[in-house]
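Chains, contacts and geometry: an overview
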Amino acid sequence: MSGSKPDILWSPHHPDRYVICDSELGLYRIGPVCSAETKPGSLPLSEETAATLLAINSDTPYMKCVAWYPKQEPECLLAVGQANGRVVLTSLGQSHNAACKELVGKEFVPKHARQCNTLAWNPVDSNLLAAGLDKHRADFSVLIWDISSKFAAETGVAAEKSRLPPMDLDSGTTVTKPLYEIGQNDACLSLCWLLRDPKLLLAGMHRNLAIFDLRNTSQKTFVNTKAIQGVTVDPHFHDRVASFFEGQVAIWDLRKFEKPVLTLTEQPKPLTKVAWCPTRTGLLATLTRDSNIIRLYDMQHTPTPIGDETEPTIIERSVKPGESQIGSFAWHPSSQNRMVVVSAANRAMTDFTVFERISLAWSSTSSLMWACGRHLYDCMEESAEGAERAADKDIATKMRQRAQSRYGHDTVQVWRNHLLAGGNDPQLKSLWYDLFYILQWSAEDAELKLPGNKQSLYSGIKNIVKSSSGTTESRRCWIGSERQTDVPRYHSQERILALRLCGWVSRGSDIDVETFLRSLEQEQEWERAAAIALFNLDIRRAIQILNRGLSSSPAGDLNLNVVAMALSGYTDEKASLWREMCSSLRLQLKNPYLCIMFAFLTSEPGAYDAVLYESSIAVRDRVAFACMFLSDAQLPRYIEKLTAEMKDAGNLEGILLTGLTKDGVDLMESYVDITGDVQTASFCMLKGSPGEVLKDPRVQCWIENYRNLLDAWRFWHKRAEFDILRGKLDPSSKPLAQVFVSCNFCGKSISYSCSALPHQGRGFSQYGVSGSPTKSKVTSCPGCRKPLPRCALCLMNMGTPVSNCPGAGKSEEKADLTRENKLAKFNNWFTWCHNCRHGGHAGHMLSWFRDHTECPVSACTCKCMQLDTTGNLVPSDSS
């Protein structure tokens with residue numbers, strides 16, 4: 001516009017057309033770059049869109065403001081406010097409509113010339129056009145014109161005739177009498193019609209915001225404020241209005257018009273424009289002077305449970321359409337979050353889309369969704385097989401499946417927990433067998449009253465071998481071989497204890513692995529069983545196991561036969577052909593246990609690195625081998641090195657070495673960091689761990705995270721079972737009573753668990769309670785003997801079972817205190833609403849709210865069950 005920055009207006013009915021208002025009016029059509037409608041001389045707006053100039057209007061000089069006619073016909077009708085206060089109707093289209101020809105060129109002239117600041121068409125009664133003018137002491141500043149009215153010379157006032165040129169009077173296109181005149185002796189800087197009522201007009205006057213009602217123009221509702229510029233109504237919330245002054249934006253609620261409900265952060269430079277997004281709720285865009293960014297304010301309302309809205313939360317962000325300073329912008333009326341920006345300097349235009357912030361949600365069941373704008377996206381794998389493979393690898397999915405199978409809860413046969421986890425993870429199998437042996441031998445030692453062993457078992461093999469003393473060396477000949485070569489082996493009480501933890505031997509001072517070998521044969525682990533038999537210098541037993549494995553399967557493994565034949569020809573001569581052939585054969589075998597059998601036979605005494613550092617062999621077997629064949633000088637070094645490797649790798653087989661000690665926690669920390677399996681970590685640390693380890697903050701963190709996971713999966717029953725197990729294994733974790741029912745009169749607890757406290761001093765038997773403890777009810781407070789509240793449905797006094805009350809005093813009553821009889825049935829529990837304070841027996845309340853929504857008490861309209869956000873949730877593990 002003349003001497004000012006340009007402005008943009010979108011067509012209210014043509015989503016591909018807009019007007020640039022500057023010293024002249026330019027009508028543009030926007031379209032795709034490759035579209036047939038896009039002419040060669042079009043202006044690029046973005047990589048995908050370009051604008052084509054359709055028409056130019058230079059007939060209205062001194063433009064100060066422009067407003068587009070809201071109806072579809074006449075097409076492209078514009079009202080232009082000029083510096084002298086006149087409002088001129090003009091058009092950019094080539095419409096031949098008679099109504100359009102009659103309106104185009106019409107002028108509306110105020111009594112006194114002064115600048116027209118703003119224009120606004122009535123959105124319902126489109127004949128009404130409001131104009132806001134500068135102050136004049138003898139005239140009104142808000143004039144509402146009826147564009148269908150006509151000027152009649154004979155009825156006009158002589159003074160009005162004299163101030164108009166004769167050509168205007170003769171043409172009949174000039175109107176001097178407005179339909180309404182309001183806002184006397186004041187200036188109007190901005191105005192807009194209220195969408196909730198087409199008869200209400202909001203105007204930003206010189207010192208206040210005023211609401212005028214055309215049905216009674218003598219009265220107005222106003223509030224004193226400086227924020228009177230750029231008033232605009234939120235198209236999605238008709239009671240919300242924005243205005244600004246200098247660099248500050250005020251948000252008003254017309255229902256509470258006394259003061260702004262919100263004031264946005266003040267900007268260092270004055271604002272030039274504010275506009276609500278027509279396609280997005282609560283999104284306000286602001287532009288400051290000499291700026292190349294547009295600030296966006298996203299107002300999000302959070303409803304409270306009773307339906308009221310709290311103060312909106314504002315999310316502020318900035319977008320930068322380009323490098324040049326922005327002259328003006330306009331939201332697209334229908335395309336989501338789209339706007340056209342015009343620069344202040346060279347009038348360059350940019351088609352720009354404001355991308356929404358992406359809200360990502362990852363459910364506890366590994367479903368991934370995100371929201372962007374009005375769209376909700378669900379992340380899906382390209383194929384069902386790919387989704388299943390991804391789910392199988394996800395530790396959260398594994399933990400959820402394990403929780404459903406009661407993984408970790410088998411406290412009798414602890415080793416079976418690895419089967420509950422699927423039985424296909426060798427680390428978990430090793431872990432649970434380690435814990436099984438630790439608990440088994442600890443229990444047996446406790447029965448035999450052997451001091452010190454329990455601590456040794458929990459402290460791991462690493463600490464056991466450190467304290468080894470009295471080691472003896474013995475030499476034993478091969479069994480089943482004609483060569484009577486002596487092989488040195490080492491014995492001590494600590495080494496035998498380590499072999500027991502490895503599962504090789506049972507109780508006793510003798511090393512007898514026959515029981516272990518039979519169990520391996522039952523599991524068809526032929527190679528492992530043969531290797532362990534060979535390590536115990538029994539070649540004949542190893543050959544028998546290999547032959548049995550060969551005959552057990554129809555196909556048979558020929559490697560077993562080859563190895564059995566090779567073992568039968570064993571010789572200890574270093575330069576023999578047998579050693580040379582076995583060394584080459586070892587490199588061709590795939591099974592690691594068959595390889596280490598030849599490595600053991602071809603190694604020198606004390607130099608068994610080929611066996612000890614074979615990573616494919618179970619740690620327990622390597623440790624047991626080391627305890628048998630390494631000296632006191634070699635064994636601690638090897639165990640120390642192996643322990644460090646296990647800790648760095650987070651290998652659960654290392655628990656055998658570290659035990660349930662601080663080193664074990666360090667190893668478990670590495671395992672959790674790698675896998676995220678807090679479930680296994682929690683159960684492992686709870687199984688017989690000493691109290692010092694359970695107090696470690698890392699252990700507590702794993703336990704709490706696992707509890708939170710169960711709650712997130714809605715496995716509330718599983719979480720309760722876990723808490724019960726935790727309380728048994730770690731008595732210090734039992735929480736104190738946090739909720740109890742208190743008497744309305746004396747305030748003391750009426751629960752039977754509190755009735756035996758010293759300060760009460762009386763049992764329930766003093767109040768006439770008798771009979772079976774599982775059927776007895778307490779209907780009065782044990783402290784003050786006042787009656788308990790009545791159930792709102794059955795009108796009976798509330799009461800709780802007193803089966804474990806010490807005051808009962810009869811031995812025959814205590815004899816039947818089984819788990820089932822101790823627990824009060826849920827139907828008898830005290831329940832009440834925290835809002836209306838009405839309640840009753842839990843069973844009665846649940847039955848009532850299955851068919852009703854309101855409170856059962858007469859005249860109470862509280863919807864008790866709906867106030868509880870989790871009231872309608874069903875546990876996922878309820879089945």
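Residues numbered from 1 in each chain as written. Predicted model: local features only at pLDDT ≥ 70, side-chain atom pairs only at ≥ 80, totals over all residues. Heavy atoms only, no water.

Pairing is antiparallel across the open sheet formed by three strands, whose spatial order is S30-S31-S32. A strand with exactly one partner marks an edge of an open sheet, and here the two such strands are strand S30 (359-362) and strand S32 (375-378). Averaged over all neighbouring strand pairs, the angle between strand axes comes to 20°, with direction disregarded. Judged from the four bridges that link them, S30 and strand S31 (residues 368-372) form a sheet pairing that is antiparallel. Bridging across to S31, Ala361 finds its partner in Met369. (Pairing = 2+ DSSP bridges. Helix = DSSP H or I, 4+ residues; strand = E, 2+ residues; numbered from the N terminus. Axes fitted to C-alpha atoms, helices over the stretch in contact; angles between N-to-C directions.)

Residue position: Asn797 is located in the loop between helix H25 (716-729) and helix H26 (811-814). The spacing of Asn797 and Pro787 is ten residues in sequence and 7.2 Å in space, taken between C-alpha atoms. Beyond its immediate stretch of four places on either side in the chain, Asn797 contacts Thr779, Pro787, Leu788, Pro789, Arg790 and His841. (Contact = heavy atoms within 4.5 Å.)

Moving on, we come to the sheet that holds strand S24 (residues 283-288). With antiparallel pairing, four strands are arranged side by side in an open sheet as S23-S24-S25-S26. Both outer strands of the open sheet, strand S23 (271-276) and strand S26 (313-319), are each paired with one neighbouring strand and no more. With strand direction ignored, the average angle separating the axes of adjacent strands in the sheet is 20°. Here S24 pairs with strand S25 (residues 294-300) via four bridges, running antiparallel. In the strand pairing of S25, Leu284 is matched with Tyr297.

Here the focus is a nonpolar patch on the surface. A cluster of nonpolar side chains, contributed by Phe826, Trp829 and Leu846, occupies part of the molecular surface with about 300 Å² of accessible area. Structurally, the position occupied by Leu846 is in helix H28 (residues 842-851). Using a relative accessible area of 35% as the deciding quantity, one classes Leu846 as partly exposed. (Patch = residues over 30% accessible without salt bridge, like charges linked within 9 Å, V, L, I, M, F, W, Y side chains within 5 Å. Areas by Shrake-Rupley, 256 points an atom, 1.4 Å probe, with all protein chains shown as cover. Salt bridge = Lys/Arg side-chain N within 4 Å of Asp/Glu carboxyl O. Buried < 20%, exposed > 50% of the residue type's maximum accessible area, 1.4 Å probe, protein only.)

For the coordinates displayed, the defined rule picks out 42 salt bridges. For Glu704, the salt bridge goes to Arg726, with nearest N and O atoms at 3.2 Å. Placement of the pair is Glu704 in helix H24 (residues 697-712) and Arg726 in helix H25, with a sequence separation of 22 residues. A relative accessible area of 31% places Glu704 in the partly exposed class. Arg726 sits in the buried class, given a relative accessible area of 10%.

A word on the side chain of Ser631. Along the chain, Ser631 falls in the loop between helix H18 (619-629) and helix H19 (634-649). Residue class for Ser631 comes out buried when judged on its relative accessible area of 17%. When sequence neighbours within four positions are dropped, the list of residues in contact with Ser631 reads Tyr490, Arg495 and Pro636.

A full pass over the atoms with the stated rule returns 24 aromatic pairs. Taking 5.3 Å as the distance between ring centres and 90° as the angle between the ring planes, the aromatic pair formed by Phe683 and Phe722 counts as edge-to-face. Of this pair, Phe683 sits in helix H22 (residues 678-686) while Phe722 sits in helix H25, placing them 39 residues apart in sequence. According to the relative accessible area criterion, Phe683 is buried, its value standing at 1%. With a relative accessible area of 0%, Phe722 lands in the buried category. The aromatic ring of Phe745 is capped on one face by Lys786, whose charged end is 5.6 Å from the ring centroid. (Phe/Tyr/Trp six-rings, centres within 6.5 Å; stacked < 30°, edge-to-face > 60°. Lys NZ or Arg CZ within 6 Å of the ring centre and 35° of its normal.)

What follows deals with the confidence of the model for the protein chain. The share of residues in the protein chain with pLDDT of 70 or more is 81%, and the mean pLDDT across the chain is 80. A low-confidence stretch, residues 448-455 (pLDDT under 50), is modelled with five contacts involving residues beyond four sequence positions or located in other chains. Under a pLDDT of 50 for its full length, residues 753-776 has, in the predicted model, 41 contacts with residues more than four places off or in other chains. (pLDDT = per-residue confidence, 0-100.)

Counting residues in hydrophobic clusters, the biggest one holds 108 residues, and the most contacted among them are Trp504, Leu567, Phe600, Met668 and Met685. When residues no more than four places from it in sequence are discounted, the contact partners of Phe600 are Trp478, Leu534, Phe535, Leu537, Tyr608, Val611, Phe625 and Phe629. (Core = buried A, V, L, I, M, F, W, Y, C linked by side-chain atoms within 4.5 Å.)

Moving on to helix H5 (residues 395-404). Residues of H5 that are buried: Thr397, Met399, Arg402 and Ala403. Just downstream of H5, Arg406 is the residue with a positive phi angle, here 65°.

In this structure the tally under the stated criterion is zero disulfides. Looking at the unpaired Cys836, the closest cysteine sulfur is the one in Cys864, lying at 3.7 Å. (Disulfide = S-S within 2.5 Å.)

Here we come to the pairing of strand S29 (residues 349-353). Here five bridges tie strand S28 (residues 338-343) to S29, and the two strands are oriented antiparallel to one another. When the bridges of S29 are listed, Val341 appears paired with Thr350. Count of turn residues in the S28/S29 antiparallel hairpin: five residues, of which Arg347 carries a positive phi of about 60°.

The next thing to look at is the packing of helix H11 (residues 514-522) against helix H12 (residues 526-535). For the pair H11 and H12, the least separation of the axes is 8 Å and the interaxial angle reads 165°. Here H11 is positioned roughly antiparallel relative to H12, judged by the angle of their axes. The interaxial crossing formed by H11 with H12 has left-handed handedness. Of the residues in H12, those touching H11 at Phe516, Leu517, Leu520 and Glu521 are Trp526, Arg528, Ala529, Ile532 and Ala533. (Parallel < 35°, antiparallel > 145°, perpendicular 65-115°, else oblique. Left-handed = near helix turned anticlockwise from the far one by under 90°.)

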